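Listed below, chain by chain, are the residues.
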Amino acid sequence: KHALDWAFEQWVSICGVRVEYTETAADAQVLVGSRRIDGSQGILAECELPGEGVRVVHLWLDTGEAWLTELSSMARGVSVLIVLWHELGQLLPPA
């Protein structure tokens, strides 16, 4: 959850989006999870784009990646912080 909090905080500070965690998936507008996409060094994550009639969008991180939870060194893996920040940005409504 730390990485997700960090990524959401970046968007809150940039554009003032409001983030609220829910107790159940049934109440959520964004569901974040992980699954095998294509393995290491390929597609890092994927998300559905919001659109008309879409109530819940899903964001998945590839379980085949060597995820890092720090920004300091990305020499041996991929920063989950940066990838979540990027993916969440695609879910924001246009200004």
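Secondary structure assignment for the protein yields two helices and five strands. Reading the protein from its N end, one meets helices and strands in the order α-β-β-β-β-β-α. Against the 2.2 N^0.38 benchmark of 12 Å for 95 residues, the protein shows a C-alpha radius of gyration of 14 Å, consistent with a compact globule. Seen through its C-alpha atoms, the protein measures out along the principal axes to roughly 40 × 30 × 25 Å. Looking at the protein as a whole, 29% of its 95 residues are labelled buried.

Next up on the list: the packing of aromatic side chains. Scanning the entire structure with this criterion turns up three aromatic pairs. Geometrically, the ring pair formed by W6 and W85 is edge-to-face, given 5.5 Å between the ring centres and 90° between the ring planes. One end of the pair, W6, is in helix α1 (residues 2-15); the other, W85, is in helix α2 (residues 80-91), with 79 residues separating them in the sequence. You can call W6 buried: its relative accessible area is 18%. By relative accessible area, which is 27% here, W85 ends up partly exposed. Ring plane angle 65° and centroid distance 6.3 Å describe the contact between W11 and W85, whose orientation is recorded as edge-to-face.

On to the pairing of strand β3 (residues 57-62), then. Of all the six residues making up β3, five are buried; the element is thus mostly covered by neighbouring parts of the structure. In this structure, strand β1 (residues 30-35) lies alongside β3, joined through six bridges in parallel fashion. Paired with R35 across the strands is D62, a residue of β3. Alignment of strand β2 (residues 45-47) against β3, held across three bridges, turns out to be antiparallel. Along β3, the bridge assignment pairs E46 with W60.

So, about the sheet that holds β1. The mixed open sheet is built from three strands, whose spatial order is β1-β3-β2. Among the strands making up the open sheet, the edge pair consists of β1 and β2. Each neighbouring strand pair of the sheet contributes to a mean axis angle of 15°, computed without reference to strand direction. Across the sheet, α2 lies against β1, β2 and β3, angled at about 160° from β3, the strand it touches most.

Over its 12 residues, α2 runs 17 Å from end to end, which matches the ideal 16 Å to within 8%, given 1.5 Å per residue. Every buried residue belonging to α2 is among V80, L81, V83, L84, E87, L88 and L91, and all of these are buried. Buried positions in α2, seen along its axis, are confined to an arc of 160° and lie on one side of it. Residues of α2 that are buried in the fold lie against α1, β1, β2, β3, β4 (67-68) and β5 (78-79).

Criteria and cut-off values
Sequence order as written defines the numbering, with residues in each chain counted from 1. Per-residue local features of the predicted model are confined to residues with pLDDT of at least 70, and side-chain atom pairs are confined, for both listing and counting, to 80 or more; whole-chain, interface and lining totals are unaffected and use all residues. To obtain the side-chain values, all non-hydrogen atoms of the structure were included, while hydrogens and water were left out. Starting at the N terminus, helices and strands are each numbered in turn, a helix being any DSSP run of H or I of at least four residues and a strand any DSSP run of E of at least two. With C-alpha atoms as the basis for the radius of gyration, the globule rule is written as 2.2 Å multiplied by the number of residues raised to the power 0.38. Exposure categories follow from relative accessible area, calculated using a 1.4 Å probe and restricted to protein chains: below 20% of the type maximum is buried, above 50% is exposed, and the middle band is partly exposed. Classification of ring pairs uses Phe, Tyr and Trp, with its six-membered ring standing for Trp, and accepts pairs whose centres are within 6.5 Å; under 30 degrees between planes counts as stacked, over 60 as edge-to-face, and the remaining range as tilted. At least two DSSP bridges between two strands are required for those strands to pair. To obtain each axis, a line is fitted to C-alpha atoms, and for helices this fit is confined to the stretch in contact; angles are then taken between N-to-C directions over 0 to 180 degrees. Contacts are residue-level and defined by heavy atoms, with any inter-residue pair within 4.5 Å sufficient. Here a helix's expected span is defined as the number of its residues, less one, multiplied by 1.5 Å. It is the directions from the helix axis to the C-beta atoms whose arc is reported.

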